[in-house]
Amino acid sequence: MPATGKPLDRVDGRLKVTGAARYTAEWDVPGLVYGAVVDSSIAHGTVQAIDVAAARNAPGVLAVLTHENAPRLQPLPDKVGETQFRGEGGITETRQPLQSAAIEYAGQPLAVVVADTYERARHAATLVRVTYAGQAPQLAMATASRKTLPETFLGNNKEKLQVTVGNPEAALAAAPVRLEAVYESAITHHNPLELLATIARWEKRDGADFLTLYDTTRALEVLQEVMATSLALPKESVHVICPFIGGAFGAKGWLYAPPLLTAMAARVVGRPVKIEWRRQDMFAVAGQRAATRQTLTLGATRDGRITALRHDTLTHSSQSSGFTEPCARVSRMLYAVPNMSFAHQLAHLHLPSPCPMRGPGETVGGWALECAIDELAAKLNLDPVELRLRNYAEKNPETGKPWSSKHLRECYARGRQLIGWDARNPQPRSMREGTQLIGYGMATTMYPAGRREAKARATLFADGRALVQSATHELGNGAYTVFRQISADALALPVERVRFELGDSSLPSAPTTGGSTTTATVGPAAQAAAQAVLEALKSLAGRDPASPLHGAAPEAIEAREGRLVLKSSPATGEEYGAILRRTKLPSLVATDGAKPGEEREKYSFYSFGAVFAQVRVDEASGTLRVARLCGVYDVGRLMNPKTAHSQIIGGMAMGLGATLMEATHYDARTGRAVVRNLADYHVPSMADTPDMQVEWLGIPDPHISELGARGIGEIGCVGTAAAITNAVFHATGRRLRSLPLTPDKLVNS
Amino acid sequence: MHPFQYQRAESAEQAVAAVAPNPAATFIAGGTSHVDLMKEDVHRPALLVDVSALPLREISAFEGGLRIGAGVSNTAAAYHADVQRRYPAVSEALLAGASMQIRNMATMAGNPLQRTRCPYFRDPTQACNKRQPGSGCAAIGGYNHVHALFGASAACIATHPSDLAVALSALDARVQTLGPRGPRTIAFPELHRLPGDTPHLDTVLAHGELITSIDLLAFTGRSHYLKVRERASYAYALVSCAVALEMSGGKLQRVRVALGGVAHKPWRLPAVEAMLAEQPPSEKLFRAAAQAAFADARPLKHNAYKVPMGRDLLVRALLETSGLRPLQGPAGTAFAASVGGVAGQLAAPR
Ligand SMILES: Cc1cc2nc3c(=O)[nH]c(=O)nc-3n(C[C@H](O)[C@H](O)[C@H](O)COP(=O)(O)OP(=O)(O)OC[C@H]3O[C@@H](n4cnc5c(N)ncnc54)[C@H](O)[C@@H]3O)c2cc1C
Ligand code: SF4
């Protein structure tokens, strides 16, 4: 019985609920001292003077770093791996911390106070006096003076941000039915439970500087490279450790001021330093999803064939990041539309840098598209599901490539059954219960099924246990569990005998955890390493005269339930441990990797799904509640239905939050984040989340890898917003085109 | 965070004696409001006098009503059988506020003394007359989504966030205190102030004046609390409403109404109360009352939504309290108080 596919409990669950799982801020490093950060209260200008005398003289203070005395840093690299760092469409903020007096956003770190206790550092930070030479900040996309048209997303030539397919202008002009609508979404913040934190320790190894970083990162190797480049060290002199992450959602990967400040502070005081950021700071230095203003223009025939689609996005970034929310990601592939164009305009504002956030582009771009499709269905007097079926894409409409595997029709069919779609009265504003209007809505969801290259190491021990390792990350997503299952199957061992280790940059290479690629990427690497160590064991046994397998060629041997046996006579064989013990080897190790091949050029890889929502709207008070949320997903073969279920309902809850309540407001004059705590910045409570019904088709993707598994981290978040918004239309007859749908927007006025 | 001394008071008198002469001293009870503000550098006490262990933790019968000790936890008060049965508005207001964990720590005196949720008050880099008198008010020209419709001043437009205070105001509860000059009684509607040009003073309490109990007066009528918020649980009120009314012979007798989330203090509506007295209850009457109640509202840039929301809430609260419309959940619970209810299909337990 394979372990994959089983609803195994989280292997780290007990560690987490008992507090034994060690998170970054919890490492007990001898001699540790603490940093507290002073941030900018203005959004644009320069530091004219910074008076640190009182802070420097406060009890326990060891150092105060400012732009005047901080160690100099080298510029960030242009690219790390395939990912473009700098320039328009690049991923990160390129300004290095404390290198100049310039201020580009409120909340920008201006000083670090290091003291012997956290409390003393915090107190001394309040004593730093900054004199500003302020300038008027640019805070509105519409009036920004610096607007650009980035060419690609993260430098990926396969993801151009300004695209035309066919002749959308002519098709729109000729279309008998036209629809144009503008959708706006608010800035939202990732706000994982675990705050950003870094512990930095410098030491001399062989006479040279060596930096150990404990950091809340889901990009171990990228961080290693960023630190090495910035601090002018060889990459091998930086070691990054992070065995557990308390949630990330896109944060904790692509913005580097926090670890850099900590490393600089540790260098200055000559002791290990910890900086754990406060919740307030998460609204400035941890990244965000930028606001968007999206214009959707659709042309269609009267029988509902979409002939043209234009999706124009205006979004924003900071002064020194080119990150662009790629809103057309769904529009460019979802429907069989012959004429399309996609444009992304980026306004550079005096606001903190955005970065990817769960379903970057898909979540808010998919919301706009799927709301516009709903509007078109209403205009054509067609059932929203039917309109989608009439425009079903049998191949990728942009590239013309066939899908690796697509079963979206089944998702629609099952979803409409689950919610009771056909029993509703399709007339808007026709269903009520007491003071509440009832509405049904649906939307398509998708997510690119990416796969990258990774390596892993597998070790068999003489006692019959095994260890598989790779420098991937556990974000709370279930990585430890799923990779243990995959490794166990590949080693033909029961899961109890296999451990999986991750979270350390000295382990075999794995990419950043992001883009829902980890299972599809690291799973095959773990398999390859397992295969390699079993091959080594086979030749060991074949060469050993004392083995029952002596003389057998490796091809004649197979692994079965912890034993190597002859394929031709499975009774002949022996346990792995027995082979090692006899040859006096404590363990046997092999490292191998796996990467995607030319299938990537042949097929278009996506996951799909359909989300259906039922809502209750009380217009008199402006309250909106989600009564039911059903999702049916086509995500390939599931490695673990239990952790998958958690990922998907977590994603749906996050999508629900973005729809109903999440918004960060920056003061329109100062650019300071107005609300900076989780009492007033709302994420869904239990009372906001209905019991979500989730199903999946479970059809393996025949092309992605032998495992047939695609990632599922983000697809749950996509689709939910449009399903709910469309349900609000059905309930009320009103189109609300601005997220979030808070009571002030819903209330009868 | 600033350095501070901590001391545990042995008696009410000693607590008052420790705080009154020292301008940098404050009481601390559950700490759920005060410690947050200390961590945000908004409150900077040099001495904390802990009153949570004082013998002020009883709920007892008192002159036909109930005396609730200042140190009784929000949870204990909310689930006290007499409170829930005789003053359901109090239980509803408490249970529709904060979270279970916070209510377990929070006290009956601390709750009405929590500070505003005006976001600028919580950011020491921004101008705020309440935090720093004379520095200005960043909210007036800023993001004033949660701010006041009534009674604001040119110095401050903040609202008071406590749910409990709204219910206590409508019930005309009494606040017993012990100050440097001895004990006194304050009618609850007089406890909080309007901002005027001294918004740093939330209440009429003198420095070092300790609340010892909150007294609920004898009352045989009905009371009820309703709250609209941006999420279904664990959020402050956008607008809330408490009603206490007595009926006889099919007519309203005395009606008392307070709105929350609209002013620097629970906003009693004396004109509306007079308009409703001695009238047979009807939706039409309540709608007229709601029109009158908001006639002099002064909406700001981002809070005009509170006017229609508040009007409807007032009508709804009057309908439900007078029995013309059923409660949404069992009286004395958060289900009765939460407008919109919880997500999911399940109706509130009855
Ligand atoms: C995340 C969060 C959400 C919340 N949501 C809500 C909500 O929805 N609705 C709501 O109403 N409240 C809400 N609250 C506020 C909560 O109800 C208050 O923090 C709590 O009631 C304060 O009580 P405490 O005993 O902890 O007060 P403390 O924090 O100890 O003290 C508060 C103030 O009262 C003073 N004080 C305390 N006791 C006395 C006394 N006996 N005499 C004189 N002065 C005294 C202190 O000096 C201090 O100034 C929330 C709080 C948090 C943190
Ligand atoms: S409204 Fe009041 S509390 Fe808010 S900033 Fe103005 S003065 Fe301060």
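Residues numbered from 1 in each chain as written. Chains lettered and ligands numbered in written order. Predicted model: local features only at pLDDT ≥ 70, side-chain atom pairs only at ≥ 80, totals over all residues. Heavy atoms only, no water.

- Under an unreviewed UniProt entry, chain B has the name Xanthine dehydrogenase family protein subunit M and belongs to Hymenobacter edaphi.

Side note on the domain arrangement of chain A
Residues and elements named next belong to chain A.
Right, on to step 1. Assigned domains within chain A: domain 1 (401–451 + 598–749) and domain 2 (454–595).
Right, on to step 2. In this structure, domain 1 and domain 2 have C-alpha centres spaced 39 Å apart.
Right, on to step 3. Contacts between the two partners involve 17 residues from domain 1 and, on the opposite side, 19 residues from domain 2.
Right, on to step 4. Summed over both sides, the interface of domain 1 with domain 2 buries roughly 1300 Å², with 55% coming from carbon and sulfur. (Domains from an automatic or database assignment. Contact = heavy atoms within 4.5 Å. Buried area = accessible area lost by both parts, 1.4 Å probe.)

Focus: the pattern of salt bridges
Right, on to step 1. By the definition in use, this model includes 62 salt bridges over all chains.
Right, on to step 2. In this structure, Arg416(A) engages Asp422(A) in a salt bridge whose closest nitrogen and oxygen atoms are separated by 2.8 Å.
Right, on to step 3. A salt bridge links Arg117(B) to Asp680(A); its shortest N-O distance comes to 2.7 Å. Within this pair, whereas Arg117(B) is found in the loop between α6 (100–105) and α7 (163–170), its partner Asp680(A) is found in the loop between α16 (641–660) and β32 (692–696), the two belonging to separate chains.
Right, on to step 4. Several salt bridges converge on common partners, so that one network encompasses Asp39(A), Arg672(A), Arg676(A) and Asp123(B). (Salt bridge = Lys/Arg side-chain N within 4 Å of Asp/Glu carboxyl O. Helix = DSSP H or I, 4+ residues; strand = E, 2+ residues; numbered from the N terminus.)

With respect to the sheet that holds strand β27 (residues 563–566) of chain A
All names here are of chain A.
Right, on to step 1. On the basis of which strands lie adjacent, the open sheet formed by three strands has the order β26-β27-β28 and antiparallel pairing. Each of the sheet's edge strands pairs with one partner strand only, and the pair in question is β26 (557–560) and β28 (573–575). Looking at each pair of strands side by side, their axes are set apart by 20 degrees on average, direction ignored.
Right, on to step 2. Direction of pairing for β27 relative to β28: antiparallel, over a ladder of three bridges. Residue Val 565 lies in a different strand from β28, and its bridge partner there is Gly 573. (Pairing = 2+ DSSP bridges. Axes fitted to C-alpha atoms, helices over the stretch in contact; angles between N-to-C directions.)

Considerations on the pairing of strand β11 (residues 156–160) of chain A
The side chains of a regular strand alternate, residue by residue, between the two faces of the sheet.
Residue and element names in this part refer to chain A.
Right, on to step 1. When strand β10 (residues 152–153) meets β11, the two strands line up antiparallel, connected through two bridges. Each residue of the ladder has a partner; that of Thr 152, found in β11, is Lys 160.
Right, on to step 2. Linking β10 to β11, which pair antiparallel, is a turn of two residues; within it Leu 154 sits at a positive phi near 55 degrees.

Some points on the site of ligand 1
Right, on to step 1. The environment of ligand 1 is made up of 32 residues, and the closest members are Phe27(B), Gly31(B), Thr32(B), Thr107(B) and Asp163(B).
Right, on to step 2. Those residues lying near ligand 1 are distributed over chains A and B.
Right, on to step 3. Gly31(B) places a main-chain nitrogen or oxygen 2.7 Å from an oxygen atom of ligand 1.
Right, on to step 4. Ala98(B) places a polar main-chain atom, nitrogen or oxygen, 3.0 Å from an oxygen atom of ligand 1.
Right, on to step 5. Computed on the free molecule, ligand 1 has an accessible area of 980 Å², of which 93% lies beneath the protein chains in the complex.
Right, on to step 6. When contributions to the shell around ligand 1 are tallied by element, the ones reaching two or more residues are β2 (25–28), α2 (34–39) and β8 (210–216) of chain B. (Near = heavy atom within 4 Å. Polar contact = N/O pair within 3.5 Å; in protein donor to acceptor, adjacent residues only side chain to side chain. Areas by Shrake-Rupley, 256 points an atom, 1.4 Å probe, with all protein chains shown as cover.)

Observations concerning the packing of helix α5 (residues 220–231) of chain A against helix α6 (residues 257–269) of chain A
All names here are of chain A.
Right, on to step 1. Here α5 crosses α6 at 50 degrees, and the two axes come no closer than 11 Å. If you check the angle between α5 and α6, you find them oblique. As for the relative orientation of α5 and α6, their crossing is right-handed in sense. Contacts from Leu 223, Met 227, Ser 230 and Leu 231 of α5 reach α6 at Pro 259, Leu 260 and Ala 263.
Right, on to step 2. The residue inventory of the contact of α5 with α6, partitioned by class, reads six nonpolar, one polar and no charged. (Parallel < 35°, antiparallel > 145°, perpendicular 65-115°, else oblique. Left-handed = near helix turned anticlockwise from the far one by under 90°. Nonpolar A, V, L, I, M, F, W, Y, C, P; charged D, E, K, R; others polar.)

Quick notes on the nonpolar core
Residues and elements named next belong to chain A.
Right, on to step 1. If you look at the biggest cluster of nonpolar residues, it comprises 87 residues, and the most contacted ones within it are Leu 376, Val 615 and Leu 629.
Right, on to step 2. In terms of residues, this core owes the most to one element, helix α9 (residues 362–380), which gives nine residues.
Right, on to step 3. When sequence neighbours within four positions are dropped, the list of residues in contact with Leu 376 reads Val 177, Leu 179, Leu 298, Ala 300, Ile 306 and Leu 387.
Right, on to step 4. By size, the runner-up hydrophobic cluster in this structure holds 56 residues, among which are Leu 65, Phe 85, Val 112 and Leu 196. (Core = buried A, V, L, I, M, F, W, Y, C linked by side-chain atoms within 4.5 Å. Buried < 20%, exposed > 50% of the residue type's maximum accessible area, 1.4 Å probe, protein only.)

Describing the site of ligand 2
Right, on to step 1. Taken together, 15 residues sit near ligand 2, with Cys118(B), Cys128(B), Cys137(B), Cys156(B) and Ile157(B) positioned nearest.
Right, on to step 2. Of the residues in the shell around ligand 2, the class split is twelve nonpolar, two polar and one charged.

Concerning the domain arrangement of chain B
Right, on to step 1. Domains assigned within chain B are domain 1 (7–51) and domain 2 (223–337).
Right, on to step 2. Distance from the C-alpha centre of domain 1 of chain B to the C-alpha centre of domain 2 of chain B: 35 Å.

Regarding the packing of aromatic side chains
Each aromatic ring pair is described using two quantities: the centre-to-centre distance and the angle formed by the ring planes.
Right, on to step 1. Taken as a whole and judged by the stated rule, the model has 16 aromatic pairs over all chains.
Right, on to step 2. With 5.5 Å between their ring centres and 80 degrees between their planes, Tyr183(A) and Trp367(A) make a pair best called edge-to-face. On the criterion of sequence distance, the pair formed by Tyr183(A) in strand β13 (residues 177–185) and Trp367(A) in helix α9 is long-range, its members being 184 residues apart. The residues Tyr183(A) and Trp367(A) share a single accessibility class, namely buried.
Right, on to step 3. Ring geometry for Tyr603(A) and Phe605(A): centres 6.3 Å apart, planes at 80 degrees, overall edge-to-face.
Right, on to step 4. Among the aromatic residues, ring-to-ring pairing joins Tyr23(A), Phe244(A) and Tyr480(A) into one connected group.
Right, on to step 5. The ring of Phe461(A) is capped by Arg465(A), whose NZ or CZ atom sits 5.7 Å from the centre of that ring.
Right, on to step 6. Over the ring of Phe219(B) we find Arg256(B); its NZ or CZ atom is 5.3 Å from the centre of that ring. (Phe/Tyr/Trp six-rings, centres within 6.5 Å; stacked < 30°, edge-to-face > 60°. Lys NZ or Arg CZ within 6 Å of the ring centre and 35° of its normal.)

Considering the pairing of strand β7 (residues 182–187) of chain B
Right, on to step 1. Pairing geometry for strand β6 (residues 174–179) of chain B and β7(B), over six bridges, is antiparallel. Opposite Val175(B), over in β7(B), you have Ile186(B) as the bridge partner.

Things to note about the sheet that holds strand β24 (residues 466–469) of chain A
Backbone-to-backbone hydrogen bonds pair the strands of a sheet. The strands run either parallel or antiparallel.
Residues and elements named next belong to chain A.
Right, on to step 1. If you walk across this open sheet you meet the four strands as β25-β24-β23-β29, and the pairing is mixed. Among the strands making up the open sheet, the edge pair consists of β25 (498–501) and β29 (587–594). In this sheet, adjacent strand axes meet at a mean angle of 20 degrees when their direction is disregarded.
Right, on to step 2. By the bridge criterion, eight bridges tie strand β23 (residues 454–461) to β29 in an arrangement that is antiparallel. Bridge pairing in β29 links Lys 455 to Gly 593.
Right, on to step 3. Along the sheet, helix α13 (residues 518–543) contacts β23, β24, β25 and β29; its crossing angle with β29, the most-contacted strand, is approximately 140 degrees.

Digging into the interface of chain A and chain B
Right, on to step 1. With 43 residues of chain A in contact, the opposing surface of chain B contributes 40 residues.
Right, on to step 2. At the boundary of chain A with chain B, total buried surface from both sides reaches about 3400 Å², with 53% on carbon and sulfur atoms.
Right, on to step 3. Inspection of the region where chain A meets chain B yields four salt bridges.
Right, on to step 4. Scanning the region where chain A abuts chain B turns up 18 residue pairs in polar contact (both at pLDDT 80 or more).
Right, on to step 5. Those elements that place two or more of their residues in the side of chain A that touches chain B are α3 (118–125), β30 (606–618), β31 (623–634) and α18 (743–746) of chain A.
Right, on to step 6. Broken down by element, the residue count for the side of chain A that touches chain B peaks at five residues, all from β31(A).
Right, on to step 7. Here the residues of the side of chain A that touches chain B sort into 13 nonpolar, 17 polar and 13 charged.

Things to note about the state of the cysteines
Right, on to step 1. Per the counting criterion, the structure on display carries zero disulfides over all chains.
Right, on to step 2. Of all cysteine sulfurs in the structure, the one in Cys327(A) sits closest to Cys371(A), which takes part in no disulfide; the separation is 13 Å. (Disulfide = S-S within 2.5 Å.)

A look at the side chain of Ser487(A)
Right, on to step 1. Note on placement: Ser487(A) falls in helix α12 (residues 479–491).
Right, on to step 2. Setting aside residues up to four positions removed in sequence, Ser487(A) forms contacts with Val468(A), Val498(A), Phe500(A) and Ala526(A).

Quick look at helix α11 (residues 408–419) of chain A
Residues separated by three or four positions in an α-helix point in the same direction, a consequence of the helix having 3.6 residues per turn.
All names here are of chain A.
Right, on to step 1. Along its twelve residues, α11 runs 17 Å from first to last C-alpha, staying within 8% of the 16 Å computed at 1.5 Å per residue.
Right, on to step 2. All of the buried residues in α11 are Leu 408, Cys 411, Tyr 412, Gly 415, Leu 418 and Ile 419. Down the axis of α11, the smallest arc covering the buried residues is 135 degrees, so these residues share one side.
Right, on to step 3. Taken together, the buried residues of α11 touch α10 (384–390), β22 (436–448), β30, β31 and β32.
Right, on to step 4. Trailing α11 by a residue or two, Gly 420 shows a phi angle of about 80 degrees, which is positive. (Expected span 1.5 Å × (residues − 1). Arc of directions from axis to C-beta.)

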